[in-house]
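# Secondary and tertiary structure notes
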Amino acid sequence: MNTNNHNNDINDVDISTLTLAQKLSHKLWKARLNGYEELANEFLNQQKKINNNNNNNNNNNNIQLLNEYIHKFNTDQCYDFTNFLNEANVVALDKATQSLLEYLNLIDCLIVNPFSHISLSAYQSSPSYVKKLDTMKSQVLEPLIIKGVVSTRHTTRENSMKCILKFVQFDGNTTSTVDFITNNFLADTSIVKKPKILQGYCSCLYEILKTFRDLPSNNISFINLMQILPKLSNNADKKVRDLIFQIIVVIYQCLTQKDILYETVINNLKPIQQKILKQMFTKAEDITNVVTQKRYEWQLIKEREEIEEREKQQLMLQQKNKNDNVDEDGDTMMMIHSNIDNKIDSSSNNNAQLDPFEIYTSTKLCQLFNFEDFDTRINSSKWKDRVEALTELDNFFVTNNIKKLDSSNEDYSVLFNSLIHLISKDANLQVIQLAADIFTKMVDCLRSQGFSQYYNNNNVNYLVPLIERLKEKKPSVNKSLVECILIIIKYGGRNSKDRGLKMVIDDIIMFLSPKKLLQVRLETTKLFTRLMNLYPSDYKVVKNKLNDLMPLLIKICNESQGPIRNAGFQCIATVMRLFQYNTGETTIEDELDEFITKLDKLKYKKIKEFYDGMEDFGSTIAGAEDVNNNNKDRKSVV
């Protein structure tokens, strides 16, 4: 009897007499509904005031409002959105999500409004702003997904998704939100058995990627995302499977390196799934070029500030010389902001490039390949045994699609030393080529972090025997040796400063010596030309060794054979271009004058022809090829 009276008392309450805080915490859902509506209207009215007073240029007021509202949710009971989003009544929940959306729209309005003049640097330098938004997101993201996104009411679903996308906008990237979703998948395996909640997470992930066309910039985040896709593609719920396929298609559209997607996801799917996706990719390619990426709000601010700074002087001149164009309503100011926004919209978004190597799974070569009698076979007196053993290892890389080797738990020093020994000592060209190819593949599968430990810690000089072996005239062997040299130079140093021409300049000088075979000198000259094209910033390395290099190159230019002379002309022309590229001087002969004047006029003319015909560094850098007397094109860099 008392309970019924109590319930009657609740129902008889005049909601209009309650304060906002009382409405929001009331036991009657209609009271809470009224409170959510009142809260949303408060945010809407505040937005209208800001938009109606754009021309007042009241910076301090906007900053004060931003500071006020962004702190309220954590300190004021009326802004407890975490509690609001756990609303049990579906009608009230609909208004609760709307109140959060209008709150975020207000924050958005205060930050991004072109007339608020709250600079991005000022905003980012205030940890309280950013921290509060991050805290709010961490508290409301889960209820937004598991209650809002999966709601039976259309407006609730729509408002919830808009809130999530707004948080992503404030972040300026998709990484943290995608991380939250994937971590829930990976940490809570029970979600897989809850189709409705799983649909909510998948829908959210799809909308984020589709809206922003921006993948997580962090490699670990990206790997986690790719790991869950094959697992969820086999989920019992059809809607989940369909959403996963749509997510894969969006990722396909975003990725420039499609092989990453095949390596991590598509190759792990069933053949029928691969067939379906292939058809979806074909359709997606037709619209990929017309897909536009949604601009991040913080990007807008930053880009707007940069453009405003560049146009500041121009605006001042316009105001000074054309005062008649500036009316009381500020039409000129509106025009300027419109132009700025147009420039922002037309600018391209530079997404962080993902490194495919970080995505690949490490292979434990020593465990998977049978090395039991490998050493015996590669040291056999019969060349066929050596070729057979190397071919098996080379094919193993291909058939197993090995792209990354385990660099932390396996030691490849013995194998590297064996291969370099074969390259330097073996008489069989097939053995040399196979050993060089395998060496190249191993370095490429280890990269700098894995290979540098072998290059720096072993007493074996890998580059010297490789350059020495350039005496072999067979083109395929020469190509394998050069590729091996280039990849060692690329990944061998302890860090980027130790790589490039610095690693090999002394060896180049040694092999340009007249004491070496002419074929070796020729190939060393061509290698040096190629390296200058690949590492044009290593100008000082060449300059410091100029007194040692130039006399040797001059001798190459004076050889009796035309192709060898032309290699020398091309190399000196590349040195000249290297100086010009790094100093900005249009005439750089003076620095090399004491060397070049030792050549006759005809040879100097040949060098100038190569120099004038060269493309600038960075436009076509693939190395140099043979140039003979009959070559009419005379392209120095191809």
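Residues numbered from 1 in each chain as written. Predicted model: local features only at pLDDT ≥ 70, side-chain atom pairs only at ≥ 80, totals over all residues. Heavy atoms only, no water.

So, on to the overall build of the protein chain. Helix and strand content of the protein chain: 32 helices and 0 strands. In the protein chain, which comprises 638 residues, the share counted as buried stands at 49%. In the protein chain, the share of contacts with a sequence separation of at least 24, taken over all contacts with a separation of at least 6, comes to 73%. For the protein chain, the exposed surface amounts to about 31,800 Å²; the carbon and sulfur share of it is 46%. (Helix = DSSP H or I, 4+ residues; strand = E, 2+ residues; numbered from the N terminus. Buried < 20%, exposed > 50% of the residue type's maximum accessible area, 1.4 Å probe, protein only. Contact = heavy atoms within 4.5 Å. Areas by Shrake-Rupley, 256 points an atom, 1.4 Å probe, with all protein chains shown as cover.)

Here the focus is helix H12 (residues 219-232). Across its 14 residues, H12 extends 20 Å between first and last C-alpha, which sits within 8% of the 20 Å expected from 1.5 Å per residue. Considered for burial, the residues of H12 that qualify are Ser221, Phe222, Asn224, Leu225, Met226, Ile228, Leu229, Pro230 and Leu232. Its side-chain oxygen at 2.8 Å from the backbone nitrogen of Ile220, Asn218 defines the N-terminal cap of H12. (Expected span 1.5 Å × (residues − 1). Polar contact = N/O pair within 3.5 Å; in protein donor to acceptor, adjacent residues only side chain to side chain.)

So, about the confidence of the model for the protein chain. Note: predicted coordinates in regions of low pLDDT should not be interpreted at a detailed level. In this model, the protein chain carries a mean pLDDT of 81, and residues with pLDDT of at least 70 account for 75%. Counted against residues more than four places away or in other chains, residues 114-121, with its pLDDT under 50, gives 28 contacts. Predicted confidence is poor over residues 619-638, with pLDDT under 50, and the contacts of this stretch with residues over four places away or in other chains come to 40 contacts. (pLDDT = per-residue confidence, 0-100.)

Looking now at unusual backbone geometry. For residues that are not glycine, phi is negative in most cases, and the peptide bond is trans in most cases. Positive phi, normally seen in glycine, also occurs at Arg213, with a value near 50 degrees. Here Arg213 is to be found in the loop between helix H11 (195-212) and H12. By relative accessible area, which is 16% here, Arg213 ends up buried.

Attention now goes to the pattern of salt bridges. Scanning the entire structure with this criterion turns up 22 salt bridges. In this structure, Lys23 engages Glu38 in a salt bridge whose closest nitrogen and oxygen atoms are separated by 2.7 Å. With a gap of 15 residues between them, Lys23 in helix H2 (residues 20-24) and Glu38 in helix H3 (residues 29-52) connect regions that are remote in the sequence. On the basis of relative accessible area, Glu38 is assigned to the partly exposed category, the value being 34%. With a closest N to O distance of 3.3 Å, Glu388 and Arg377 form a salt bridge. Here Glu388, found in helix H21 (residues 383-399), pairs with Arg377, found in helix H20 (residues 374-378); they are 11 residues apart in sequence, far enough to count as distant. For Arg377, a relative accessible area of 16% gives the class buried. Members of the salt-bridge network, linked through shared partners, are Asp373, Arg377, Glu388 and Glu392. (Salt bridge = Lys/Arg side-chain N within 4 Å of Asp/Glu carboxyl O.)

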